[in-house]
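As a plain string of letters, each chain reads:
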Amino acid sequence: MRAHPEDAAEYGRIKTALAAADEHDRPRYRAGKAPFIQSVLRRATRERGST
C-alpha cells in the first residue's frame, strides 16, 4: 500500500469503522477487511504482471 496512499487511507477508514462497530468481535473485524484486502491484492497482481 506504500505505492497507493489512497488505499492505505481507505484501509484505515475501514478498520476504524469495523473496530467501532464491535471492538470485541475479531472474526467480524477480519471478515470485514477481507474484501478490501482481496481487491488490493488482485490489483497488485495485475500491476505486477503488466510491467
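Residues numbered from 1 in each chain as written. Predicted model: local features only at pLDDT ≥ 70, side-chain atom pairs only at ≥ 80, totals over all residues. Heavy atoms only, no water.

A.B. asks: Help me out: how do you make sense of the overall build of the protein chain in this one?
C.D. replies: Along the protein chain, the regular secondary structure elements total two helices and zero strands. Computed over the C-alpha atoms, the radius of gyration of the protein chain is 13 Å, more than 25% above the 10 Å expected from 2.2 N^0.38 for a compact globule of 51 residues. Principal-axis analysis of the C-alpha atoms places the extent of the protein chain at approximately 40 × 20 × 10 Å. For the protein chain, with 51 residues in total, the buried portion stands at 16%. Counting only carbon and sulfur atoms, one obtains 56% of the accessible surface of the protein chain, whose full area is about 4000 Å². Each charge class in the protein chain can be summarised by its mean position, and for the 11 positive and 7 negative side chains these summaries are 6 Å apart. (Helix = DSSP H or I, 4+ residues; strand = E, 2+ residues; numbered from the N terminus. Rg over C-alpha atoms; globule rule 2.2 N^0.38 Å. Buried < 20%, exposed > 50% of the residue type's maximum accessible area, 1.4 Å probe, protein only. Areas by Shrake-Rupley, 256 points an atom, 1.4 Å probe, with all protein chains shown as cover. Lys, Arg positive; Asp, Glu negative; His and termini not counted. Charge placed at Lys NZ, Arg CZ, Asp CG, Glu CD.)

A.B. asks: Would you mind showing me how to read the packing of helix α1 (residues 5-21) against helix α2 (residues 26-49) here?
C.D. replies: Helices that pack against each other are described as a pair by the angle of their axes relative to one another and the distance between those axes. At a closest axis distance of 9 Å, the pairing of α1 and α2 adopts a crossing angle of 165°. Our classification of the angle between α1 and α2 gives roughly antiparallel. As α1 runs across α2, the sense of the crossing is right-handed. Taking contact as the criterion, the partners of Asp-7, Glu-10, Tyr-11, Ile-14, Lys-15, Leu-18, Ala-19 and Ala-21 in α1 are, on α2, Arg-28, Tyr-29, Gly-32, Lys-33, Phe-36, Ile-37, Val-40 and Arg-43. (Axes fitted to C-alpha atoms, helices over the stretch in contact; angles between N-to-C directions. Parallel < 35°, antiparallel > 145°, perpendicular 65-115°, else oblique. Left-handed = near helix turned anticlockwise from the far one by under 90°. Contact = heavy atoms within 4.5 Å.)

A.B. asks: Honestly, the environment of Arg-30 in this entry has me stumped. Any pointers?
C.D. replies: Its location among the elements puts Arg-30 in helix α2. Looking at Arg-30, the relative accessible area reads 48%, which means it is partly exposed.

A.B. asks: Please clarify how the pattern of salt bridges should be interpreted in this entry.
C.D. replies: It is possible for side chains bearing opposite charge to pair when their charged atoms get close. Inspection of every chain in the model, using the stated rule, returns three salt bridges. Residue Asp-7 is joined to Arg-43 by a salt bridge in which the shortest nitrogen-to-oxygen separation is 2.0 Å. Of the two residues, Asp-7 is situated in helix α1 and Arg-43 in helix α2; the sequence distance between them amounts to 36 residues. For Asp-7, a relative accessible area of 9% puts it in the buried group. With its nearest N and O atoms 2.9 Å apart, the salt bridge here joins Arg-13 to Glu-10. In this pair, Arg-13 and Glu-10 both sit in helix α1, three residues apart, roughly one turn of the helix. In this structure Glu-10 comes out as partly exposed when scored by relative accessible area, which is 29%. Look at the salt bridges and you will find they share partners, linking Asp-7, Arg-43 and Glu-47 into a network. (Salt bridge = Lys/Arg side-chain N within 4 Å of Asp/Glu carboxyl O.)

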